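Notes for the structure review
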Amino acid sequence: MADCIFCKIAKGEIPAEKVYEDEQIIAFNDINPVAPTHVLIIPKEHIPTLDALADDKIELVSRMVQAARKIARERGVHESGYRTLINCNKDAGQEVFHLHLHVIGGRKLGPMA
């Protein structure tokens, strides 16, 4: 999608602090982190929401979760704990309509609402 900020990051049109990349996904530090570790993992393909993910693309979520585990280990938050989060649509807090998974850790996190 032409005006999607995450598509532009995936294409290298907008700089981002990349922490992981493979042929299907890219991970980068969030520009407004809520914790010392706050990474976003996105598919390179534009998929607006988790709900819009086609059944034949479901392996992308597994790939994103595997990347989250790798990043948590690299950042040293895998033992103390980290949160993974996918918001789906506006009422859940999704602000950028390109599927993304948050990896948040590095401090004690409170309960979710």
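Residues numbered from 1 in each chain as written. Predicted model: local features only at pLDDT ≥ 70, side-chain atom pairs only at ≥ 80, totals over all residues. Heavy atoms only, no water.

One finds Ile25, Val39, Ile41, Leu53, Met64, Leu101 and Val103 to be the most contacted residues of the largest nonpolar core, which totals 15 residues. Mapped by element, the contributors of at least two residues to this core are strand 2 (25-29), strand 3 (37-43), helix 2 (59-75) and strand 5 (101-105). Here this core takes six residues from helix 2, the largest share from any one element. When residues no more than four places from it in sequence are discounted, the contact partners of Met64 are Ile25, Ile41, Ile42, Pro43, Leu99, His100 and Leu101. Counting residues in each nonpolar core, the second largest holds nine residues, with Cys4, Cys7, Ile9 and Ile42 among its members. (Core = buried A, V, L, I, M, F, W, Y, C linked by side-chain atoms within 4.5 Å. Buried < 20%, exposed > 50% of the residue type's maximum accessible area, 1.4 Å probe, protein only. Helix = DSSP H or I, 4+ residues; strand = E, 2+ residues; numbered from the N terminus. Contact = heavy atoms within 4.5 Å.)

This part takes up unusual backbone geometry. In the Ramachandran plot, Asn89 falls in the positive-phi region, its phi being about 80 degrees despite a non-glycine side chain. Looking at the element boundaries, Asn89 is found in the loop between strand 4 (82-85) and strand 5. By relative accessible area, which is 36% here, Asn89 ends up partly exposed.

What follows deals with the side chain of His102. For His102, the location among the structural elements is in strand 5. Among the polar contacts made by the side chain of His102, one reaches the side chain of His38 at a distance of 2.8 Å. If near-sequence neighbours (up to four positions away) are discounted, His102 is found in contact with Asp30, His38, Val39, Leu40, Arg83, Thr84, Leu85 and Asn87. (Polar contact = N/O pair within 3.5 Å; in protein donor to acceptor, adjacent residues only side chain to side chain.)

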